[in-house]
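Notes for the structure review
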Amino acid sequence: MDKLKIYRDFLKDSIRKKIDFRKTDQHQGVPAPPLQEKCDPNSQRISLPDKETWRSFIEKTDLVHTIGNRQSRRNFNAEYLKIEELAFLLWATQGQRDPGQQSPLFRTVPSAGARHSFETYLFIHRVEKLSAGLYRYLPLSNELVLIYTSDQHTKRNLTRAVMGQKFVADCAVTFVWTTVPYRMEWRYLEIAHRVILLDAGHVCQNLYLACEAIHSGTCAIAAYDQEAMDDLLQVDGEEQFTVYLAPVGKY
Ligand SMILES: Cc1cc2nc3c(=O)[nH]c(=O)nc-3n(C[C@H](O)[C@H](O)[C@H](O)COP(=O)(O)O)c2cc1C
């Protein structure tokens, strides 16, 4: 089969009719995978400000203006992001919709079957109260977990991993989303992969709009060196791997 046809077919939902849903792990009674990857119990965790705290830092914005002003921004100044602003961006992209009241399956972004296969990694370069380094967001407890602190090579390695797109590391914080595909495959088998990428679009669009609301900018990044990025994040590249990035900064 022509290569392009194979890739075009991946965009279609025709495969749904061929799937025997009785064979899914969900249907076979396998427990659902966790919604959040485990952390090293010895790692440092940082509590993020909750919605009541960061709300006062976010100016009231007009939605029509915010949507109309959205654009990809690649030039960031040296200003630091406040930790409250970062907490708002994380809430907007993966946060729980109504923690304590609703299931953690319900977030500020939609997800096919509410499976939420993403983990959010952050290369923090300039955020008040946080040391530079690689962190992961824990949406179920609204915390960050430190994976490693930056050294003089971190920014250079990140720039290399995004094929020399310098602005991706020249910002306040670089968001990187990985997927844990089994969370989606558990219910959807081969349908999972198409909807994982559809899900990613919603996450990044919320980041664009939330950034505009705090006078910051971002740019979706889908061009990167897969193996180099996965190595930087210390994920295995099979059960979890990078799908999308977005640098954030003031402009
Ligand atoms: C899926 C996707 C992947 C993209 N990848 C990159 C990228 O790797 N590098 C980059 O500089 N811009 C990237 N962009 C940003 C586009 O170039 C940008 O959205 C487009 O030029 C339109 O500009 P606007 O976002 O300001 O409307 C990407 C955008 C999307 C939606």
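As shown above, the structure is provided for reference.
Let me begin by describing the structure that accompanies this report. (Residues numbered from 1 in each chain as written. Predicted model: local features only at pLDDT ≥ 70, side-chain atom pairs only at ≥ 80, totals over all residues. Heavy atoms only, no water.)

Leu 86, Leu 89, Leu 144 and Phe 175 are the most contacted members of the largest nonpolar core, which has 46 residues in total. Taken together, the elements giving at least two residues each to this core come down to α4 (83-94), β2 (118-124), β3 (133-138), β4 (143-149), β5 (173-179), α6 (182-188), α7 (192-213) and β7 (241-250). For this core, the element with the most residues is α7, which contributes 11 residues. (Core = buried A, V, L, I, M, F, W, Y, C linked by side-chain atoms within 4.5 Å. Buried < 20%, exposed > 50% of the residue type's maximum accessible area, 1.4 Å probe, protein only. Helix = DSSP H or I, 4+ residues; strand = E, 2+ residues; numbered from the N terminus.)

On to the pairing of β3. Taken across its 6 residues, β3 has 6 buried, putting it largely inside the fold. Of the two faces of β3, both are covered, the one formed by Gly 133, Tyr 135 and Tyr 137 as well as the one formed by Leu 134, Arg 136 and Leu 138. The pairing of β3 with β4 spans 6 bridges and is classified as antiparallel. Paired with Arg 136 across the bridge in β4 is Val 145. Connecting β3 to the antiparallel partner β4 that follows it, the hairpin turn spans 4 residues, and Asn 142 within it adopts a positive phi of roughly 55°. (Pairing = 2+ DSSP bridges.)

Around the ligand, the structure places Arg 70, Gln 71, Ser 72, Arg 74, Gln 165, Phe 167, Cys 219, Ala 220, Ile 221, Ala 222, Ala 223 and Tyr 244. Between Ser 72 and the ligand, the recorded distance is 2.6 Å, taken from a side-chain N or O atom to an oxygen atom. Here the ligand, which alone exposes 620 Å², has 52% of that area covered by the protein. Residues that form the shell around the ligand fall into these classes: 7 nonpolar, 3 polar and 2 charged. (Near = heavy atom within 4 Å. Polar contact = N/O pair within 3.5 Å; in protein donor to acceptor, adjacent residues only side chain to side chain. Areas by Shrake-Rupley, 256 points an atom, 1.4 Å probe, with all protein chains shown as cover. Nonpolar A, V, L, I, M, F, W, Y, C, P; charged D, E, K, R; others polar.)

Secondary-structure assignment places Gly 217 in strand β6 (residues 216-218). Since its relative accessible area comes to 0%, Gly 217 is described here as buried. Note: C-alpha distance between Gly 217 and Phe 76 (141 residues apart in sequence) is 7.8 Å.

Don't take any of this as a statement about function, it's just geometry.
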